[in-house]
Amino acid sequence: MIRSLRVRLMLAGALLAVLFMLGLLPALQGAFSLALRESVQERLATEVSALVSAARLEQGQLHMPAPVPDERLPAQAERLLGYIFDGQGHLLWRSQGAPLPDYRPRDDSQGDPFTRFNRTDGQAFWVYDLPVRQLGGQSTALSFVAMQSTEPYQRTLATLRDRLYLGFGAALLTLLLLFWGGMTWSLRSLRRLSHELDEIEAGQRQGLSERHPSELLRLTRSLNRLLASEGEQRQRYRDSLSDLAHSLKTPLSVLQGIGETLASGSPHSDEGKQAAILRGQVARMNQQIGYQLQRANVRNSGLVRRQVVVRPVLDSLAATLRKVYPDKPVRLHVALAPPGQLPIDEGALLELLGNLLENAWRLCLEDISVSLSVIGQRLELLLEDDGPGIPVEQRSLILQRGERLDRQHPGQGIGLAVAHDIIRSYHGSLSIEDSPLGGARFRMSFPRD
């Protein structure tokens, strides 16, 4: 399927132009052929008139001067041949050099004197046959005939056809070039609209301008309303979640304080056990609130798309993790294909790589590798380490919220779930594999556009 509007219009214009010229070409050929036939007929009629004017009857016998006035002797193919027949069709006279014909003159004076005649040898002639019943005041029955080969006619017609094809081809090419130029000029408004949409996606402008043709203004205004509505709705969503988090923060702090007060007693008593349960549940509620706020903040922002350079984010995270784990010498290997960008918000990328890189840093022995490559229409980000790896049967389980394999460190097991949500919100995919380094490989794939 042809997706380019310009190509579609060009093909439609070319098809219409070709159909128009194919319809016009036979009409022009027919008109020229008719004009050429009329020219031949006029020439032969003039020749017959010259023969009739030169003929004399003396005592019932035909006499013709030698040479006949106006007798033409050009090239053989274009010669005009003159003949005179009696009433019985017998040849009485022929012009100089004219071959004996196998033509029979017509015996009536009502038909068309101009006809086409084919000899037995296959050669074709134009014939002008004029019966004469009075000559010099005397009654007679003669037929004055002028002939000309059809070869000059066919040759002229073929030359015209070739010139018409050449001229129509040049006209078609010129027409298509003019059409392409006019269409390019007409589509500038669409290119300007596309450029403004690119700027909106890149976050360089808030809405579309009014500098568009009237046919596009309704579209641009509708898009502006959509952008404004989306921005307002997204902001209301974030504000609502923020308000909810703040409204729950105080009650949770109170419950946390009560739990700590109760836990100050004997940990083995019933009150101590209940306090531990209360503290665990309060911590879990705090974690879940943070998780939902993270999901709201990293949600893909609809029409607006970002392009974030990956290397500065990696460097910032690595510097932070080296401070968190100062006694662990980790080598971070980075290989990013140009331009080293991902179509994702900076906050989302920071959250995504922060969760994955922190897990890799904590579990690896000494090597972590991060690479970015372009594969067709997708961008592939790989993060791998030389740690203990992840068993095959556990790979889908750890992407679920609340599931953890590492029980030795605190947390609620939502880091990988958040990373998975971020990737899916940008129409990407996440898979876990075995790494050549010996540990786990996280393969993340994003569409380029």
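Above this note sits the structure.
Residues numbered from 1 in each chain as written. Predicted model: local features only at pLDDT ≥ 70, side-chain atom pairs only at ≥ 80, totals over all residues. Heavy atoms only, no water.

## Here's the deal with empty space enclosed by the protein
Line of reasoning, step 1. One pass over the full model with this rule turns up one cavity of 30 Å³ or more.
Line of reasoning, step 2. A volume near 30 Å³ is recorded for the largest cavity.
Line of reasoning, step 3. Lining the largest cavity, in full, are Leu-81, Tyr-83, Pro-99, Leu-100, Pro-101, Arg-119, Phe-125 and Met-147.
Line of reasoning, step 4. Its residues assigned to classes, the lining of the largest cavity comprises seven nonpolar, no polar and one charged. (1 Å grid on protein atoms, 1.4 Å probe; cavity = no way out; pocket = protein on both sides within 12 Å on 5 of 7 lines; lining within 4 Å. Points joined across faces, edges and corners; volume = space filled by probe spheres on them. Nonpolar A, V, L, I, M, F, W, Y, C, P; charged D, E, K, R; others polar.)

## Brief notes about the sheet that holds strand β3 (residues 80-85)
Line of reasoning, step 1. Taken in spatial order, the five strands line up as β4-β3-β7-β6-β5 in an open sheet, and their pairing is antiparallel. Across the chains shown, the open sheet's two edge strands, defined by having one partner strand only, are β4 (91-94) and β5 (114-118). Adjacent strand axes in the sheet meet at a mean angle of 30 degrees, parallel and antiparallel pairs treated alike.
Line of reasoning, step 2. Bridge count for β3 against β4 is three bridges, and the pairing is antiparallel. Pairing of Ile-84 across the sheet is with Trp-93, part of β4. (Pairing = 2+ DSSP bridges. Helix = DSSP H or I, 4+ residues; strand = E, 2+ residues; numbered from the N terminus. Axes fitted to C-alpha atoms, helices over the stretch in contact; angles between N-to-C directions.)

## Some points on the packing of aromatic side chains
The geometry of two aromatic rings is summed up by the distance between their centres and the angle between their planes.
Line of reasoning, step 1. With the rule as written, the count across this model stands at five aromatic pairs.
Line of reasoning, step 2. Geometrically, the ring pair formed by Tyr-103 and Phe-117 is edge-to-face, given 5.2 Å between the ring centres and 75 degrees between the ring planes. Linking Tyr-103 in the loop between β4 and β5 with Phe-117 in strand β5, this pair joins segments that are 14 residues apart in sequence. Judged on exposure class, the residue Tyr-103 and its partner Phe-117 are both buried.
Line of reasoning, step 3. Here the aromatic rings of Trp-126 and Tyr-153 are separated by 5.2 Å at their centres, their planes lie at 90 degrees, and the arrangement is edge-to-face. With Trp-126 in strand β6 (residues 124-135) and Tyr-153 in helix α2 (residues 151-186), the pair connects residues that are 27 residues apart, well separated along the chain. The residues Trp-126 and Tyr-153 share a single accessibility class, namely buried.
Line of reasoning, step 4. By way of ring pairs, the aromatic residues Tyr-83, Phe-85, Tyr-103 and Phe-117 are connected into one cluster. (Phe/Tyr/Trp six-rings, centres within 6.5 Å; stacked < 30°, edge-to-face > 60°. Buried < 20%, exposed > 50% of the residue type's maximum accessible area, 1.4 Å probe, protein only.)

## Quick word on the sheet that holds strand β12 (residues 378-385)
Line of reasoning, step 1. Taken together, five strands build an open sheet; the order of strands is β9-β11-β12-β14-β13 and the sheet is mixed. Edge positions in the open sheet fall to β9 (331-336) and β13 (429-434), since each of these has one partner strand only. Strand-to-strand twist in this sheet, taken as the mean axis angle between neighbours without regard to direction, amounts to 15 degrees.
Line of reasoning, step 2. Summarising the sheet, β12 and strand β14 (residues 440-447) pair through seven bridges and their orientation is antiparallel. Bridged to Arg-378 within β14 is Pro-447.
Line of reasoning, step 3. Strands in contact with helix α6 (residues 310-324) are β9 and β11 (367-375); relative to β9, the strand with the most contacts, it is inclined by about 175 degrees.
Line of reasoning, step 4. The sheet contacts of helix α7 (residues 346-363) involve β9, β11, β12 and β14, and relative to β12 the element is tilted by about 25 degrees. (Contact = heavy atoms within 4.5 Å.)

## Here we look at the pattern of salt bridges
Line of reasoning, step 1. Applying the stated criterion across every chain, the model contains 13 salt bridges.
Line of reasoning, step 2. Between Arg-424 and Asp-421 there is a salt bridge, and its shortest N-O distance comes to 2.6 Å. Within this pair, Arg-424 and its partner Asp-421 are both found in helix α8 (residues 415-425), separated by three residues, close to a single helical turn.
Line of reasoning, step 3. Across the pair Arg-441 and Glu-433 runs a salt bridge whose closest N-O atoms are separated by 3.5 Å.
Line of reasoning, step 4. By relative accessible area, Glu-433 is classed as partly exposed at 23%. (Salt bridge = Lys/Arg side-chain N within 4 Å of Asp/Glu carboxyl O.)

## Let's talk about the nonpolar core
Line of reasoning, step 1. Grouped together as the largest cluster of nonpolar side chains are 41 residues, with contacts concentrated most on Leu-342, Leu-352, Leu-353, Leu-357, Phe-442 and Met-444.
Line of reasoning, step 2. Looking at this core, the elements that each hand over two or more residues are α6, α7, β11, β12, α8, β13 and β14.
Line of reasoning, step 3. Top element by residues in this core is α7. It accounts for eight residues.
Line of reasoning, step 4. In this structure, Leu-36, Leu-57, Leu-62 and Leu-157 belong to the second largest nonpolar core, which totals 31 residues. (Core = buried A, V, L, I, M, F, W, Y, C linked by side-chain atoms within 4.5 Å.)

## Points about the pairing of β12
Line of reasoning, step 1. Most of β12 sits inside the fold, with seven of its eight residues counted as buried.
Line of reasoning, step 2. Here β11 pairs with β12 via eight bridges, running antiparallel. Within the sheet, the bridge partner assigned to Ile-375 lies in β12 and is Arg-378.
Line of reasoning, step 3. Once β11 ends, the chain turns through two residues before running back antiparallel as β12, passing Gly-376 with a positive phi of about 65 degrees.

## Some points on unusual backbone geometry
Line of reasoning, step 1. Pro-339 follows Pro-338 through a cis peptide bond whose omega is 0 degrees.
Line of reasoning, step 2. Within the fold, Pro-339 resides in the loop between β9 and β10 (341-342).
Line of reasoning, step 3. The phi dihedral of His-427 is positive, around 60 degrees, even though this residue is not glycine.
Line of reasoning, step 4. Along the chain, His-427 turns up in the loop between α8 and β13.

## Structural notes on the packing of α2 against helix α3 (residues 188-201)
Line of reasoning, step 1. Between α2 and α3, the shortest axis-to-axis distance is 4 Å and the interhelical angle comes to 40 degrees. Classed by the angle they form, the pair α2 and α3 counts as oblique. In this structure, α2 contributes Thr-184, Trp-185 and Ser-186 to the contact, and α3 contributes Arg-188, Ser-189 and Arg-191.
Line of reasoning, step 2. Grouping the amino acids of the contact of α2 with α3 by side-chain chemistry returns one nonpolar, three polar and two charged. (Parallel < 35°, antiparallel > 145°, perpendicular 65-115°, else oblique.)

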